[in-house]
Amino acid sequence: ETAEIISRHLHGVRIADPDSLLDEGIAAHPIPSCSSSKAEEVDEDHLRVETAFVKYICRDERYDEEDSKVTKKSKLHAKENVDESVQSNHVFEIIVSHGNLIRYFFCRTLQLPPEAWLRMTVFNCSLTYLLIKSNGNASCRTLGDIGHLDYENITFHTKKGFDWA
């Protein structure tokens, strides 16, 4: 639904099929830790969320020595399938997903501890703009921007506006 709304304002943008890798989930183990039954759910979600990160946010492995073997293999595979003539052009990708994944992608992209995703909030329908340069350098232009929303449309989970804790 959100992708369709966005496409009405950005003509010529191709809408990809929904990807279950981008479904909501618990991206990383919270600190302090959770119950062992919840930990199993986190492990399952984390694998899917990390796979989504590798698929959609790919940085040059030379600048990310600490990545897992799975991540490096995926990056190498992705590089083999990239058209060299396209690499010098700017590419903008709009990923419509859930707040937990957006916060996790933010942390991983900026090489912050993935567990830090719970230390920030992104509102529903907010915009996050990550810049990833061809040399692997990454920065965040904005995280969770809601300036395009009227106050009555600002929500987080089931809460409205800013008057909640």
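Refer to the structure presented above.
Quick caveat, the model's predicted, so the values are computed rather than measured.

K.L.:
Account for the packing of aromatic side chains, naming residues and giving values.
P.N.:
Scanning the entire structure with this criterion turns up 4 aromatic pairs. Between the aromatic rings of Tyr 151 and Phe 162, the centroid separation amounts to 5.8 Å while the plane-to-plane angle is 50 degrees, which identifies the pairing as tilted. Of this pair, Tyr 151 sits in the loop between strand S2 (138–145) and strand S3 (155–156) while Phe 162 sits in the segment after strand S4 (159–160), and the two are 11 residues apart along the sequence. Judged by relative accessible area, Phe 162 falls into the partly exposed class, the value being 47%. An aromatic cluster of at least three residues, connected via ring pairs, comprises Phe 123, Tyr 151, Phe 156 and Phe 162. The aromatic ring of Tyr 129 is capped on one face by Arg 141, whose charged end is 5.6 Å from the ring centroid.

K.L.:
Break down a nonpolar patch on the surface for me, with residues and values.
P.N.:
Side chains of Leu 10, Val 13, Ile 94 and Val 96 sit close together on the surface and give an oily, nonpolar patch of about 310 Å² of accessible area. Among the secondary structure elements, Val 13 is positioned in the loop between helix H1 (2–9) and helix H2 (36–56).

K.L.:
Please provide a residue-by-residue account of the side chain of Thr 109, values included.
P.N.:
Locating Thr 109 in the fold gives a position in helix H4 (residues 99–109). Residue Thr 109 is classed as buried on the basis of its relative accessible area of 1%. Within the local environment of Thr 109, its side chain forms a polar contact with the backbone oxygen of Phe 105, the two atoms lying 2.6 Å apart.

What counts, and where the lines are drawn
Residues numbered from 1 in each chain as written. Predicted model: local features only at pLDDT ≥ 70, side-chain atom pairs only at ≥ 80, totals over all residues. Heavy atoms only, no water. Phe/Tyr/Trp six-rings, centres within 6.5 Å; stacked < 30°, edge-to-face > 60°. Helix = DSSP H or I, 4+ residues; strand = E, 2+ residues; numbered from the N terminus. Buried < 20%, exposed > 50% of the residue type's maximum accessible area, 1.4 Å probe, protein only. Lys NZ or Arg CZ within 6 Å of the ring centre and 35° of its normal. Patch = residues over 30% accessible without salt bridge, like charges linked within 9 Å, V, L, I, M, F, W, Y side chains within 5 Å. Areas by Shrake-Rupley, 256 points an atom, 1.4 Å probe, with all protein chains shown as cover. Salt bridge = Lys/Arg side-chain N within 4 Å of Asp/Glu carboxyl O. Polar contact = N/O pair within 3.5 Å; in protein donor to acceptor, adjacent residues only side chain to side chain.

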